[in-house]
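One-letter residues, chain by chain:
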Amino acid sequence: MLRIMGLILLWKLCQLLNEKGGIGMAIRYISDLHFGHANVIKFDNRPFSDVEEMDREMARRWNEVVDKDDQVYILGDMFWKKADEAIPILKELKGNKFL
């Protein structure tokens, strides 16, 4: 129960932090995307049939929410791929990303 309450509090905090200020951009925080990680579909019960579908949908959702001027702090576990596969995805995602 405490873990659920902690997650709800964290979610509310992230909502507040993700709201745009008067300067025309948002500061966003995210972690544990796991692009390219097939086993995370099962572990986290993600609603995807394969890793390619998951990667496409996560990129689509990211770009639907993040604007080009937003600052996005990625706190860890973004890719489960080699750099030559991860870099094109990173370039596709909107925002100024801090790894």
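No experiment lies behind these values; they were computed from the predicted model shown.

S.K.: Is there a simple way to explain the packing of aromatic side chains in this structure?
M.R.: To describe a pair of aromatic rings, you give the distance between the ring centres and the angle between the ring planes. A full pass over the atoms with the stated rule returns three aromatic pairs. When the centroid spacing of 5.4 Å and the interplanar angle of 20° are considered together, the rings of Tyr29 and Tyr73 count as stacked. Highlighted residues: Tyr29 in strand 1 (residues 27-30) and Tyr73 in strand 2 (residues 71-74), separated in sequence by 44 residues. Accessibility expressed as a relative area gives 28% for Tyr73, which makes it partly exposed. Here the aromatic residues Tyr29, Tyr73 and Phe98 are joined through ring pairs into a cluster of three or more.

S.K.: Got a minute to help me understand the sheet that holds strand 3 (residues 96-98) in this structure?
M.R.: Each strand in a sheet pairs with its neighbour through backbone hydrogen bonds, running either in the same direction (parallel) or in the opposite one (antiparallel). In spatial order, the strands read 1-2-3; together these three strands make up an open sheet with parallel pairing. Taken across any chain shown, the strands that pair with only one partner, and hence form the sheet edges, are strand 1 and strand 3. Mean inter-strand twist for the sheet, computed between neighbouring axes without regard to direction, equals 20°. When strand 2 meets strand 3, the two strands line up parallel, connected through three bridges. When the bridges of strand 3 are listed, Gln71 appears paired with Asn96.

What counts, and where the lines are drawn
- Counting of residues starts from 1 at the beginning of each chain's written sequence and follows it residue by residue.
- Residue-level local features of this predicted model are given only where pLDDT is at least 70; pairs of side-chain atoms are given and counted only at 80 or more, and the full residue set underlies all totals for whole chains, interfaces and linings.
- Excluding hydrogens and water, the side-chain figures rest on all heavy atoms present in the structure.
- Classification of ring pairs uses Phe, Tyr and Trp, with its six-membered ring standing for Trp, and accepts pairs whose centres are within 6.5 Å; under 30 degrees between planes counts as stacked, over 60 as edge-to-face, and the remaining range as tilted.
- Each helix is a run of H or I in the DSSP string that is no shorter than four residues. Each strand is a run of E no shorter than two, and both are numbered from the N terminus.
- In this scheme, a residue with accessible area under 20% of its type's maximum is buried, one over 50% is exposed, and one in between is partly exposed, where area comes from a 1.4 Å probe on protein chains only.
- Note on pairing: DSSP must find at least two bridges between two strands before they are called paired.
- Simply put, an axis is a line fit to the C-alpha atoms, just over the touching stretch for a helix, and the angle between two N-to-C directions goes from 0 to 180 degrees.

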